[in-house]
Amino acid sequence: MRLIIDCDPGNGIAGANVDDGLALALAIAAPQISLELISTVTGNTPSEVGYSVAKSLLQRLGKDIPVTCGAFQGLLEPMDVWRDKLDHGVDLNGLRHLWKDVVPPKSFPLVASSAAHSIGELVCYNPGEVTVVAIGPLTNIAHAMQLYPDFPESVAEIVIMGGVFDVSGYQKDTNFGIDPEAAHIVLTSGANITLVPMDVTTQTQMLHSDLDYLSTFDNPLCEFLVETIRPWMDYSIETRGLTGCWIHDALTVAWLIDRTIVTSTQNYVDVVLEGKDRGITCIYEPESSYWDISISNKKKKPITILKTVDSDRFLSIIFHYIQNY
């Protein structure tokens, strides 16, 4: 399976989520996946920070996979409030010390390139062959669709981690909230889309005992994950009241490896763009007047929505491939 992962990794960055790094690790370790491009987008981390995280991981593994730095901000959404929350939350919570033993990723100079062009070219020059896993805000994917009109029909599938329907304490998720316009463009593009919302990703957790298990294997991928996930796990325990940490983004890749670990449904999904509900994920019936009065680029095509996951089998997929890397 030929894959592009568009992401906002934060492994080794104090206060930043690490599930993108786990998704990348699983895609690299699984022999049935050919990871052909990694692109970064501003979300969990600024795009240039995610770029250095991805490059550091590949350097550590001795892998030569193209990495391109993408959008530095959403299409319209102001970034200041989001960046303040995401970049400074660790200090507001007084928990920076959790990362005291973690060596941060080294900085890599940015190479002049366009993530949207790189994504668009790989997809449209190989119609029906390339799947895109989008686990950050959808800015790069929306840009690619604007630049390459054939993108929605050329991409084999877009697997999106984003959106939330009914999770206590979460009115909207970061990926759609940071760029609602991009989410709207992609969700209504008519592409073959699978949505992996927080409703399903919060059904599973990784625990310290899981990291203890991975630490028994002598390979650089296990070492990277144990080192960078532990402080984030402690941070999640402190700030979210969990017993471990959610591993949202890794489910997108695990599902591509084994689609039987989940249940799913199909429906019509979009994101609210205006008013107090801006950024909220919504389901609309195809007969709804919403489609008649809305922007003309909407395509009435249902998308697959993952609903439940077999947590034990999900974790077993991660362990199997990571430990045998």
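None of the values given here were measured: they were computed from a predicted structure.

Colleague: How should the pattern of salt bridges be read in this particular structure?
Modeller: Oppositely charged side chains are able to pair whenever their charged atoms sit close together. Within this structure, the stated rule accounts for 12 salt bridges. In this structure, E36 engages R2 in a salt bridge whose closest nitrogen and oxygen atoms are separated by 2.7 Å. Separated by 34 residues along the polypeptide, E36 in strand β2 (residues 34–40) and R2 in strand β1 (residues 2–7) bring together distant segments of the chain. Of the charged contacts in the structure, one is a salt bridge between R278 and E181, with a shortest N-O distance of 2.7 Å.

Colleague: Just to check I follow, could you spell out the side chain of S154 for this structure?
Modeller: Looking at the element boundaries, S154 is found in helix α6 (residues 151–154). S154 gets classed as buried once you look at its relative accessible area, which sits at 7%. With sequence-adjacent residues up to four places away left out, S154 is seen in contact with V123, C124, N126, P127, G128 and E129.

Colleague: Explain the packing of aromatic side chains here, please?
Modeller: Two numbers describe a pair of aromatic rings. These are the distance of the centres and the angle of the planes. Inspection of every chain in the model, using the stated rule, returns five aromatic pairs. When the ring of W99 is compared with that of Y235, the centres are 5.6 Å apart and the planes differ by 65 degrees; the resulting orientation is edge-to-face. One end of the pair, W99, is in the loop between α3 (80–92) and α4 (115–124); the other, Y235, is in helix α11 (residues 220–240), with 136 residues separating them in the sequence. Each member of the pair W99 and Y235 is classed as buried. Between Y213 and F319, the ring centres sit 5.3 Å apart and the planes meet at 65 degrees, which makes this aromatic pair edge-to-face. Placement of the pair is Y213 in helix α10 (residues 208–214) and F319 in helix α14 (residues 311–323), with a sequence separation of 106 residues. Note on Y213: relative accessible area 35%, which makes it partly exposed. Residue classification places F319 among the buried positions, given a relative accessible area of 14%. Of the aromatic side chains, those joined through ring pairs into one cluster are W99, W232 and Y235. For the cation-ring pair, R259 lies above W255, with the distance from its terminal atom to the ring centre recorded as 4.1 Å.

Colleague: Sorry, what's going on with helix α2 (residues 47–61) here?
Modeller: It helps to recall that an α-helix has 3.6 residues per turn; residues three or four apart then point in one direction. Relative to the 21 Å expected for 15 residues at 1.5 Å per residue, α2 spans 21 Å between its end C-alpha atoms, a close match to the ideal helical length. Of all the residues in α2, the buried ones are S47, G50, Y51, S52, V53, A54, S56, L57, L58 and L61. In the segment just after α2, G62 is the residue with positive phi, at about 70 degrees.

Colleague: Would you explain the environment of K63 in this entry?
Modeller: With respect to the helices and strands, K63 occurs in the loop between α2 and β3 (67–69). For K63, a relative accessible area of 35% gives the class partly exposed. When the C-alpha atoms of K63 and I28 are compared, they prove to be 8.9 Å apart, with 35 residues separating the residues in sequence. Not counting residues up to four positions away in its chain, the partners in contact with K63 are I28, L58 and Y325.

Colleague: Sorry, what's going on with the sheet that holds strand β10 (residues 303–309) here?
Modeller: Each strand in a sheet pairs with its neighbour through backbone hydrogen bonds, running either in the same direction (parallel) or in the opposite one (antiparallel). Ordered by their spatial adjacency, eight strands build an open sheet running β3-β2-β1-β4-β5-β6-β10-β7, and the pairing between neighbours is mixed. Whereas interior strands pair on both sides, the edge strands pair on one side only; in this sheet they are β3 and β7 (262–267). The sheet shows a mean angle of 20 degrees between the axes of neighbouring strands, direction not considered. With respect to the sheet, helix α1 (residues 19–29) is in contact with β1 and β2, its orientation differing from that of β1 by roughly 165 degrees.

Colleague: Explanation requested: the environment of P46 in the structure shown.
Modeller: As for its placement among the helices and strands, P46 is situated in the loop between β2 and α2. Sequence-wise, P46 and D8 are 38 residues apart; in three dimensions their C-alpha atoms are separated by 7.4 Å. Leaving out residues up to four positions away in the same chain, P46 has contacts with R83 and D87.

Colleague: Just checking my understanding: could you explain the pairing of β1 for this structure?
Modeller: Note on strand geometry: in a regular strand, side chains alternate between the two faces of the sheet. Burial of β1 is extensive: five of the six residues sit out of reach of the surface. Bridge count between β1 and β2: six bridges; the pairing is parallel. In the sheet register, R2 faces β2, and the bridge partner there is S34. Handedness of the β-α-β unit built from β1, α1 and β2 comes out right-handed. Sheet analysis places β1 next to strand β4 (residues 130–134), joined by five bridges and oriented parallel. Residue pairing in the sheet places D6 in a bridge with A134 of β4.

Colleague: Mind showing me how you'd approach α11 here?
Modeller: Its 21 residues give α11 an end-to-end C-alpha distance of 29 Å, which sits within 8% of 30 Å, the value for a rise of 1.5 Å per residue. At I229, α11 shows its maximal kink, close to 30 degrees; a proline, P231, follows between one and four residues later. Within α11 the residues assigned to the buried category are L221, C222, F224, L225, V226, T228, I229, P231, W232, M233, Y235 and S236. Contact partners of the buried residues in α11: α1, α2, α3, α10 and α14. N-cap assignment for α11: the residue whose side-chain oxygen lies 2.9 Å from the backbone N of L221 is N219. Looking one or two residues past α11, G241 carries a phi angle of roughly 70 degrees, positive in sign.

The rules behind these values
- Residues numbered from 1 in each chain as written.
- Predicted model: local features only at pLDDT ≥ 70, side-chain atom pairs only at ≥ 80, totals over all residues.
- Heavy atoms only, no water.
- Salt bridge = Lys/Arg side-chain N within 4 Å of Asp/Glu carboxyl O.
- Helix = DSSP H or I, 4+ residues; strand = E, 2+ residues; numbered from the N terminus.
- Buried < 20%, exposed > 50% of the residue type's maximum accessible area, 1.4 Å probe, protein only.
- Contact = heavy atoms within 4.5 Å.
- Phe/Tyr/Trp six-rings, centres within 6.5 Å; stacked < 30°, edge-to-face > 60°.
- Lys NZ or Arg CZ within 6 Å of the ring centre and 35° of its normal.
- Expected span 1.5 Å × (residues − 1).
- Pairing = 2+ DSSP bridges.
- Axes fitted to C-alpha atoms, helices over the stretch in contact; angles between N-to-C directions.
- Right-handed = clockwise from strand over helix to strand, strands pointing away.
- Bend = angle between axes of the 7 residues up to and from the residue.
- Polar contact = N/O pair within 3.5 Å; in protein donor to acceptor, adjacent residues only side chain to side chain.

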